[in-house]
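Spelled out from the first residue to the last, the chains are:
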Amino acid sequence: MKVFALSIMAGRTRKRRKEPCAAIAVVDMNGVSGVARFYKTGRNRVRVVYGFTGLTSGMHGFHIHQYGDLSEGCKSACAHFNPSGSTHGGPRADSRHAGDMGNISANSRGEAKGSITLRGISVSPSSPLSVIGRSIVIHESRDDLGRGKNAESLKTGNAGRRLACAVIGLASP
Ligand SMILES: [Cu+2]
Ligand SMILES: [Zn+2]
């Protein structure tokens, strides 16, 4: 009976154990702060869990940009991470940059919390789709997800100025 109870408990523990966080980006810039954590959920599938404060209320474009180079602020992170050479889109669109994460939505207190699952990226450092060493950028304006009917929409989603950014690094286990 004792053994039976213990094995049930062990099973529960296993079920509840979370996948370790593989990568992390810590934002602290222009009054915006918070963290985005990256979890592997499948082959080239990653779940991003984020929480930020210090935003203006409303929608803000949220992307993985190509480089983790912040030597000139968020500008030197360059364009959206786009290993497939596609046009810009929303996170669930067929045609999208791998780094397109859509928008985060901040409440009246300037807090944005949520999660999103992305296809076409990896948290394995050796993968050509790896996001390690790249950066996340939070924009001033809403990302139109490529539906803005102009050239810029298919490049940047017209998300405007780069408010804050952070390098994506390996998370400590
Ligand atoms: Cu961006
Ligand atoms: Zn994009």
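Residues numbered from 1 in each chain as written. Chains lettered and ligands numbered in written order. Predicted model: local features only at pLDDT ≥ 70, side-chain atom pairs only at ≥ 80, totals over all residues.

## Description of the sheet that holds strand S6 (residues 100-106)
Thinking step 1. Spatially, S6-S4-S8-S9-S1-S2-S3-S7 is the arrangement adopted by the 8 strands of the open sheet, whose pairing is antiparallel. Two strands bound the open sheet, and with one partner strand each, they are S6 and strand S7 (112-119). On average, each strand axis in the sheet is inclined to that of its neighbour by 20°, with strand direction left out of account.
Thinking step 2. Sheet topology places strand S2 (residues 32-42) next to strand S3 (residues 45-53); 9 bridges connect them, and they run antiparallel. Across the sheet, residue Arg 37 finds its bridge partner in S3, namely Val 49. (Pairing = 2+ DSSP bridges. Helix = DSSP H or I, 4+ residues; strand = E, 2+ residues; numbered from the N terminus. Axes fitted to C-alpha atoms, helices over the stretch in contact; angles between N-to-C directions.)

## Concerning unusual backbone geometry
Thinking step 1. Here the phi dihedral of Asn 44 falls at roughly 55°; this positive angle occurs in a residue that is not glycine.
Thinking step 2. Judged by the 16 C-beta atoms lying within 10 Å of it, Asn 44 falls in the partly exposed class. (Buried ≥ 20, exposed ≤ 12 C-beta atoms within 10 Å, placed from the backbone.)

## Thoughts on the pairing of strand S8 (residues 135-139)
Thinking step 1. Of all 5 residues in S8, 5 are buried, a share of seventy percent or more.
Thinking step 2. The side-chain alternation of S8 yields two buried faces, one formed by Ser 135, Val 137 and His 139 and the other by Ile 136 and Ile 138.
Thinking step 3. Judged from the 4 bridges that link them, strand S4 (residues 58-65) and S8 form a sheet pairing that is antiparallel. Its bridge partner being in S8, Ile 64 is matched across the sheet by Ile 136.

## Regarding the nonpolar core
Thinking step 1. Phe 38, Phe 52, Val 131, Ile 136 and Ile 138 are the most contacted members of the largest nonpolar core, which totals 34 residues.
Thinking step 2. Looking at this core, the elements with two or more residues in it are strand S1 (23-29), S2, S3, S4, S6, S7, S8 and strand S9 (162-170).
Thinking step 3. A per-element tally of this core places S9 first, with 5 residues.
Thinking step 4. Other than its neighbours up to four places away in sequence, Val 131 contacts Ala 23, Phe 38, Ile 64, Phe 81, Ile 121, Val 123 and Ile 168. (Core = buried A, V, L, I, M, F, W, Y, C linked by C-beta atoms within 7 Å. Contact = placed C-beta atoms within 7 Å.)

## A short note on the confidence of the model for the chain
Thinking step 1. Looking at the chain as a whole, the pLDDT averages 92, with 90% of positions reaching at least 70.
Thinking step 2. Throughout residues 1-8 the model reports pLDDT below 50, and contacts reaching past four residues in sequence, or to other chains, amount to 0 contacts. (pLDDT = per-residue confidence, 0-100.)

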